[in-house]
Amino acid sequence: MSRKAPPGARGAGASTSNGTTSSAPALPTISTEDMCPVCKTIRYLNKDMEFLINPECYHSMCSNCVNRLFNDGPNQCPYAGCNRTLRRKGFRSAFFGDLAVEREVDIRRRVAAVFNQAEDDFETLRDYNNYLQMVEDLTFDLVSGGEAQRRTAEATLGRWEAEHKAEIERNRKAGREADEQSRRRLAAERDAARQRRVEALQEAEEEKRERVRNREAELDNLALGDAGAGAGGAQRVQLKRRGQAAANRAVEAAVHTAVAAAADVGRLSIRGLKEKKKAPAPEGPYDPFAGLDFVPGRYKLHTGLGHPGIDKYKDDPAHITGGYSFDEYTARAMFEAFAGLGVFIEDEMEAGIGLSAGEVATMSAGIAAVGDRMELD
Amino acid sequence: MATEDARYRQSSQYQLWSFSPTRLAAMRDKTNAAARARIAERLSSLPALSNNTSAPTSSANTPNADGSSTPALPEFLTPPEEAQLVTFFTSELLRAGDHAEMSDDIKATAAAFFRRFYVTNSIMTYPPQEMLFVALFFGCKAEGTFVSIAEFGKTFDREHPEDILAGEFLLCQGLRFAIDVKHPFRALRGATMELATLPDIDRNRLAAAEHRAREVLRFSPLITDAYFHYTPSQIMLAALSLADRGLTERLMTQTFHHVAPPPDNSGADTPASSGPDGPAPATKRGPPRGSEDKAQIIGPHIRDQVLGTIEACRNLLARELPERREHWSDRAVLKAQVTPLRKKLSKCRDPDRWNLVELQRVRREQAAKRADSEEADPAPPGAAAANNTAAGDGTVFGDALAPREVKRRRVLDDPFGGPL
């Protein structure tokens, strides 16, 4: 069997993919110093030789050969053993140097055009992930599966396309719209940036002119005789002006946002009910104790409360140096002496005097649940 | 509602660990029943081990080769027996605390921890002799006294302090992470201070009463269920009334003075001297300004209710007065009451949970295994639990779409057709 060596077979660059040429022929690769595998023209003879491929079989050949062979209509691929019929129209130059990558990208593009569901189309994330997995498997089959696998994958792809034609079309349109929108947004941003730049430039220009004018005025003043006053005045004026520009800008921006906000409100007021629900009555200042009252109800905190147990600490430098307040201690002791005096656990936990019955029920349910859990875990 | 009561109702002691006697008994029954069921199940699954409980080590042992077929299940402890054992071990805990010269707060906190733990956990499930030290050690930390575990172990001649650490998280779980225990000790001080401002109270009598009440507080409420049923102030007043009933009533009438306070009956049934030796101080409360609210807080109605509660608490405490301390370490009592129960306990304890160190190790391993598969249900520790996690891991991304063979990357298969 006569076989033409693939274009990259010789030369240093070919060693990467052609290690096992004898068992399985490697993909044809394009390198700059190639020779056209069809007409054997080398670049030396034709400086602007260009290699084209056809996505039918990805066999590369020079543009001259393409013109020569396919100008008169469809023809067979000139590579030996390749029986594909190629057309002139299908030829293009490869984007990637490695044609395997080129092919994979083409396949992926084709698959993505058909399987173009978005995450929103699925009920759960898991469904979406399953879908992605399925698509990826299919792609893999197409890219590097065997003949049979490729055929089934093709069939699946075709079936899906036929079945979901409308959906695919819709998604494609949506995707295009999204693209279009983002492009428009980008363009608008770019415009705004340019606008800003131009304005800044103009402002700088204006300022420069102002400075020159001031300087002239200053010189005039000097010529007239009252130097100090004139210079200071001009300086001040200029500084003031510069500040003014910034202030003006700020004011403008504020007005702009206010207008925008007003527009927002106006737009959202259609869904006024929702708005209203979002803003309940003002809550007032935050109360870390959630409304607990710390004024004792049953006892009065007398001054000069004391206990023999704490008397000895009142002269202890270790306690008084640190600023320990014995009133704190007495207040706490008094609080503890009376806290919960009117809490009747037996009644409250049974019938809920202090609490509502629902609270008691949920509490006991919680207790039971926790009890169960503890026993079971 | 008085503000003090509202504040007390915010505490975890009230919200999580206050029960009426019936509910507490119901919870204990439930705990007991659950423990019985589980231990019976475990014991029957380990037939050879169930009568080989002489050693405290658990299931790690090799099964006996003598081939004894599943023996009858042991006799389980009843809830009252369990309660008695818990009481006994509480007294042991207090004794251990005395031995280590811990403060009253620590001992009380540890005792409360211990009793709370054994409300939702059966004494047959986790070893009380171990949990007692865990509670003590954790009580130290809860009260802000941070002893080192080595030192703590040395105090009690434990050569393996890890045993204590192993139960710590378990204890916390059992406490439902409510670490703060409100004690009546400081409340007693407060009551004394309040009483000391009264003109006609003898200081010596007050000091004696306080001393006695403190002694009661150090033992009686800890070894009974008082902490579950009463608030610290009620316990304190009950203890005070055990020491000196007159003083308590004086304080009560002083406090709940709203409408027409009943005639002063201070010292009516106490023999202590009530000489009017203090000059009338200016701190005496002014006459109450009448209002519905005041009547609710310091009216006679609520006073009667409080007095009734204190009386009930007093009766509870009177069952375990400090003099009973010796009762629980008395040889005859031990032999008659506790030893049989402990023997029984050694026969019916949970084989998987008895060794805390082993249990902690197993649980950690399990936790590591199912760290990322949340749906793995809590399975019993042991060999069976390890198997079901591997299956769960695979389905994180959903079930397989279709059975597929392993993919092989066949780049060298020419996808473009035959060779040139």
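Procedures and definitions
Residues numbered from 1 in each chain as written. Chains lettered and ligands numbered in written order. Predicted model: local features only at pLDDT ≥ 70, side-chain atom pairs only at ≥ 80, totals over all residues. Heavy atoms only, no water. UniProt positions renumbered as here; feature names shortened; annotations may be inferred. Helix = DSSP H or I, 4+ residues; strand = E, 2+ residues; numbered from the N terminus. Buried < 20%, exposed > 50% of the residue type's maximum accessible area, 1.4 Å probe, protein only. Contact = heavy atoms within 4.5 Å. Areas by Shrake-Rupley, 256 points an atom, 1.4 Å probe, with all protein chains shown as cover. Polar contact = N/O pair within 3.5 Å; in protein donor to acceptor, adjacent residues only side chain to side chain. Salt bridge = Lys/Arg side-chain N within 4 Å of Asp/Glu carboxyl O. Expected span 1.5 Å × (residues − 1). Arc of directions from axis to C-beta. pLDDT = per-residue confidence, 0-100. Phe/Tyr/Trp six-rings, centres within 6.5 Å; stacked < 30°, edge-to-face > 60°. Lys NZ or Arg CZ within 6 Å of the ring centre and 35° of its normal. Core = buried A, V, L, I, M, F, W, Y, C linked by side-chain atoms within 4.5 Å. Axes fitted to C-alpha atoms, helices over the stretch in contact; angles between N-to-C directions. Parallel < 35°, antiparallel > 145°, perpendicular 65-115°, else oblique. Left-handed = near helix turned anticlockwise from the far one by under 90°. Nonpolar A, V, L, I, M, F, W, Y, C, P; charged D, E, K, R; others polar.

- Under an unreviewed UniProt entry, the name given to chain B is Cyclin-like domain-containing protein, and the organism recorded is Chaetomidium leptoderma.
- In the Sequence similarities (unreviewed entry) part of its UniProt record, chain B is described as follows: "Belongs to the cyclin family. Cyclin C subfamily."

- Per an unreviewed UniProt entry, chain A is named RNA polymerase II transcription factor B subunit 3, and its organism is Chaetomidium leptoderma.
- We quote the UniProt Subcellular location (unreviewed entry) comment for chain A here in full: "Nucleus".

Considering the overall build of chain A
(1) Moving on: On a plain count of helices and strands, chain A comes out with 12 helices and four strands.
(2) Moving on: Buried positions account for 28% of the 377 residues belonging to chain A.
(3) Moving on: The long-range share in chain A, meaning contacts at least 24 apart out of those at least 6 apart in sequence, stands at 46%.
(4) Moving on: Carbon and sulfur atoms provide 55% of the accessible area of chain A, an area that totals close to 25100 Å².

Let's talk about the environment of B:Val119
Residues and elements named next belong to chain B.
(1) Moving on: On the secondary structure map, Val-119 appears in helix α5 (residues 104-120).
(2) Moving on: In this structure, the C-alpha to C-alpha distance between Val-119 and Asn-32, residues 87 residues apart in sequence, is 9.4 Å.
(3) Moving on: The residues contacting Val-119, other than those within four sequence positions of it, are Trp-17, Leu-24, Met-27, Arg-28, Thr-31 and Phe-228.

With respect to the side chain of A:Glu336
(1) Moving on: Considering the arrangement of structural elements, one finds A:Glu336 in helix α10 (residues 326-338).
(2) Moving on: In terms of polar contacts, A:Glu336 uses its side chain to reach the side chain of B:Arg186, at 2.9 Å.
(3) Moving on: Contacts of A:Glu336, omitting those with residues within four sequence positions, involve B:His183, B:Arg186, B:Ala187 and B:Ser233.

What about the pattern of salt bridges?
(1) Moving on: The tally for this structure, following the rule as stated, stands at 43 salt bridges over all chains.
(2) Moving on: In this structure, A:Arg298 engages B:Asp5 in a salt bridge whose closest nitrogen and oxygen atoms are separated by 2.9 Å. Of this pair, A:Arg298 sits in the loop between α7 (272-278) and α8 (308-311) while B:Asp5 sits in helix α1 (residues 3-9), which puts the two residues in different chains. Take A:Arg298 and B:Asp5: they sit in the same class, and that class is buried.
(3) Moving on: Of the charged contacts, one joins A:Arg332 and A:Glu336 as a salt bridge, the two residues approaching to 3.5 Å between their closest N and O atoms. Taken together, the positions of A:Arg332 and A:Glu336, both in helix α10 and four residues apart, correspond to about one turn of that helix.
(4) Moving on: One connected set of salt bridges, linked through shared partners, spans B:Asp98, B:Asp104, B:Lys107, B:Arg214, B:Arg218 and B:Arg325.

Concerning the side chain of B:Thr3
(1) Moving on: Following the sequence through the fold, B:Thr3 ends up in helix α1.
(2) Moving on: Given a relative accessible area of 13%, B:Thr3 falls into the buried group.
(3) Moving on: Not counting residues within four places of it along the chain, the set of residues in contact with B:Thr3 comprises A:Asp293, A:Val295, A:Pro296 and A:Gly297.

Description of helix α16 (residues 300-318) of chain B
All names here are of chain B.
(1) Moving on: With 19 residues, α16 should reach 27 Å at 1.5 Å per residue; the first-to-last C-alpha distance of 26 Å fits that figure.
(2) Moving on: For α16, the complete set of buried residues consists of Ile-302, Arg-303, Val-306, Thr-309, Ile-310, Cys-313, Arg-314, Leu-316 and Leu-317. Buried positions in α16, seen along its axis, are confined to an arc of 155 degrees and lie on one side of it.

Brief notes about the confidence of the model for chain A
Should the pLDDT be low somewhere, the predicted coordinates at that spot are not to be read in detail.
Residue and element names in this part refer to chain A.
(1) Moving on: Model confidence for chain A is summarised by a mean pLDDT of 76, while 71% of its residues fall at 70 or above.
(2) Moving on: Between the elements of chain A, mean pLDDT differs from a low of 45, seen in α7, to a high of 92, seen in helix α5 (residues 165-224).
(3) Moving on: In the predicted structure, residues 263-276 sits below a pLDDT of 50 and forms one contact with residues beyond four places in sequence or in another chain.
(4) Moving on: Of the regions scoring below 50 in pLDDT, residues 353-361 engages in 12 contacts with residues more than four places distant in sequence or in other chains.

Quick word on the packing of aromatic side chains
The geometry of an aromatic ring pair comes down to the distance between the two centres and the angle between the two planes.
(1) Moving on: For the structure shown, the criterion picks out 24 aromatic pairs over all chains.
(2) Moving on: A ring pair is formed by A:Tyr299 and A:Phe338, whose centres lie 5.0 Å apart and whose planes are at 15 degrees; its orientation type is stacked. Of this pair, A:Tyr299 sits in the loop between α7 and α8 while A:Phe338 sits in helix α10; the two residues are 39 residues apart in sequence, bridging distant segments of the chain. The pair A:Tyr299 / A:Phe338 is uniform in exposure class, with both members buried.
(3) Moving on: Here B:Phe133 and B:Phe156 contribute two aromatic rings whose centre-to-centre distance is 4.9 Å and whose plane-to-plane angle is 55 degrees, an arrangement assigned as tilted. With B:Phe133 in helix α6 (residues 128-142) and B:Phe156 in the loop between α7 (149-155) and α8 (162-166), this residue pair connects regions lying 23 residues apart in the sequence. For the residue pair B:Phe133 and B:Phe156, the accessibility class agrees, reading buried in each case.
(4) Moving on: One aromatic cluster in this structure is built from A:Phe115, A:Phe122, A:Tyr128, A:Tyr131 and A:Trp160.
(5) Moving on: The positively charged end of A:Lys314 is found above the aromatic ring belonging to A:Phe326, 5.9 Å away from the centroid.
(6) Moving on: The ring of A:Phe335 has B:Arg7 lying over it, and the distance from NZ or CZ to the ring centre is 3.8 Å.

Description of the nonpolar core
(1) Moving on: In terms of nonpolar packing, the biggest core is built from 110 residues, with B:Leu85, B:Leu93, B:Phe114, B:Ile123, B:Met124, B:Met131 and B:Leu317 touching the most fellow members.
(2) Moving on: Dropping the residues within four chain positions of it, B:Leu85 is found in contact with B:Leu77, B:Ile123, B:Val338, B:Leu341, B:Arg342 and B:Leu345.
(3) Moving on: Ranked by size, the runner-up nonpolar core spans 16 residues in total, among them A:Phe51, A:Phe70, A:Cys77 and A:Phe91.

Concerning the packing of helix α2 (residues 99-114) of chain A against helix α3 (residues 125-144) of chain A
Residue and element names in this part refer to chain A.
(1) Moving on: Between α2 and α3, the shortest axis-to-axis distance is 10 Å and the interhelical angle comes to 140 degrees. In this view, α2 runs oblique relative to α3, as classed from their interaxial angle. Our pair here, α2 against α3, has a crossing hand that is right-handed. Residues Arg-103, Glu-104, Ile-107, Arg-108 and Val-111 of α2 lie in contact with α3, whose contacting residues are Val-135, Glu-136, Leu-138, Thr-139, Leu-142 and Val-143.
(2) Moving on: Considering only residue class, the contact of α2 with α3 consists of six nonpolar, one polar and four charged.

Focus: helix α19 (residues 356-369) of chain B
All names here are of chain B.
(1) Moving on: Given a rise of 1.5 Å per residue, 14 residues ought to cover 20 Å, and the 20 Å separating the end C-alpha atoms of α19 matches this to within 8%.
(2) Moving on: Residues of α19 that are buried include every one of Leu-356, Leu-359, Val-362 and Gln-366, and no others. End-on view of α19: buried residues confined to an arc of 125 degrees, all on one side of the axis. Looking at α19, the residues exposed on the side facing more than 90 degrees away from the buried face are Arg-364 and Ala-368.
(3) Moving on: Elements that come into contact with the buried residues of α19 comprise α6, α8 and α9 (168-174).
(4) Moving on: Of the residues flanking the start of α19, the one acting as N-cap is Asn-355, its side-chain oxygen 3.2 Å from the backbone nitrogen of Val-357.

Some remarks on the confidence of the model for chain B
Residues and elements named next belong to chain B.
(1) Moving on: Mean pLDDT over chain B: 78, with 74% of residues reaching 70 or higher.
(2) Moving on: Predicted confidence in chain B is weakest over helix α20 (residues 387-394), with a mean pLDDT of 45, and strongest over α5, with 95.
(3) Moving on: Every residue in residues 375-396 is under pLDDT 50, and counting partners more than four places away or in other chains gives 25 contacts.

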